[in-house]
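# Descriptive structure summary
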Amino acid sequence: MTQTSYSPGLHQLLTLSVSDSRKLITAEDFIIFTETILEKYQLEKVGIVTHTFDNSSFTIAVCLKESHICIHTWPEYNQLTMDIYLCNYLQDNSAKVKNMANDYIAYFQADVIKNFEINR
């Protein structure tokens, strides 16, 4: 029996600093932008869960057929954390994950505080 190596995908974890905190309190705008990301990269949404806190910060989990996108915002610190994970046994989605992360960084006009890439 021959076994081949399998690498499920790339998981990118970001902590970003945002100078304009308005995007950290507008969950609806983030969802709209994420819909454009899903279309651009041909990803299939399975479901979405959102929670908005008393200070209008939000947590959103977008479940994908390919895995997930999650975000947590802290407007009081002008920061957010997010993780993007795409896996697929038919193709390597690492470039998509990196490009999506760059699209989100541009959307938030953010500076990167931390950027971890985990090859699963």
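The coordinates are above.
Residues numbered from 1 in each chain as written. Predicted model: local features only at pLDDT ≥ 70, side-chain atom pairs only at ≥ 80, totals over all residues. Heavy atoms only, no water.

## So, unusual backbone geometry
- Unlike most non-glycine residues, Gln-42 shows phi in positive territory, near 55 degrees.
- With respect to the helices and strands, Gln-42 occurs in the loop between helix H1 (27-40) and strand S2 (45-52).
- Look at Gln-42 and you get exposed, because its relative accessible area is 68%.
- Positive phi values are uncommon outside glycine, yet Ser-67 reaches one of about 150 degrees.
- Residue placement: Ser-67 occurs in strand S4 (residues 67-74). (Helix = DSSP H or I, 4+ residues; strand = E, 2+ residues; numbered from the N terminus. Buried < 20%, exposed > 50% of the residue type's maximum accessible area, 1.4 Å probe, protein only.)

## With respect to the pairing of strand S5 (residues 79-87)
- Note: strand S1 (residues 9-18) against S5, nine bridges, orientation antiparallel. Residue His-11 lies in a different strand from S5, and its bridge partner there is Tyr-85.
- Taken together, the eight bridges between S4 and S5 define a ladder with antiparallel strand orientation. In the sheet register, His-68 faces S5, and the bridge partner there is Tyr-85. (Pairing = 2+ DSSP bridges.)

## Re H1
- In a regular helix each residue adds 1.5 Å, so 14 residues correspond to 20 Å; H1 covers 20 Å between its end C-alpha atoms and thus fits that length.
- Within H1 the residues assigned to the buried category are Ala-27, Phe-30, Phe-33, Thr-34, Ile-37 and Leu-38. The arc enclosing the buried residues of H1, seen along the axis, measures out at 150 degrees, which places them on a common side. In H1, the exposed residues that point more than 90 degrees away from the buried face are Glu-28, Ile-32, Glu-39 and Lys-40.
- Those residues of H1 that are buried lie in contact with S2, strand S3 (58-64), S4, S5 and helix H2 (94-108).
- Positive backbone phi, at 55 degrees, marks Gln-42, one or two positions downstream of H1. (Expected span 1.5 Å × (residues − 1). Arc of directions from axis to C-beta. Contact = heavy atoms within 4.5 Å.)

## Quick notes on the nonpolar core
- Counting 30 residues, the largest nonpolar core has Phe-30, Ile-69, Met-82, Tyr-104 and Phe-108 as the members making the most contacts within it.
- Broken down by secondary-structure element, the contributors of at least two residues to this core are S1, H1, S3, S4, S5 and H2.
- By residue number, the principal contributor to this core is H2, which donates seven residues.
- The residues touching Tyr-104, leaving out its near neighbours within four places in the chain, are Phe-30, Phe-33, Thr-34, Ile-37, Ile-69, Met-82 and Ile-84. (Core = buried A, V, L, I, M, F, W, Y, C linked by side-chain atoms within 4.5 Å.)

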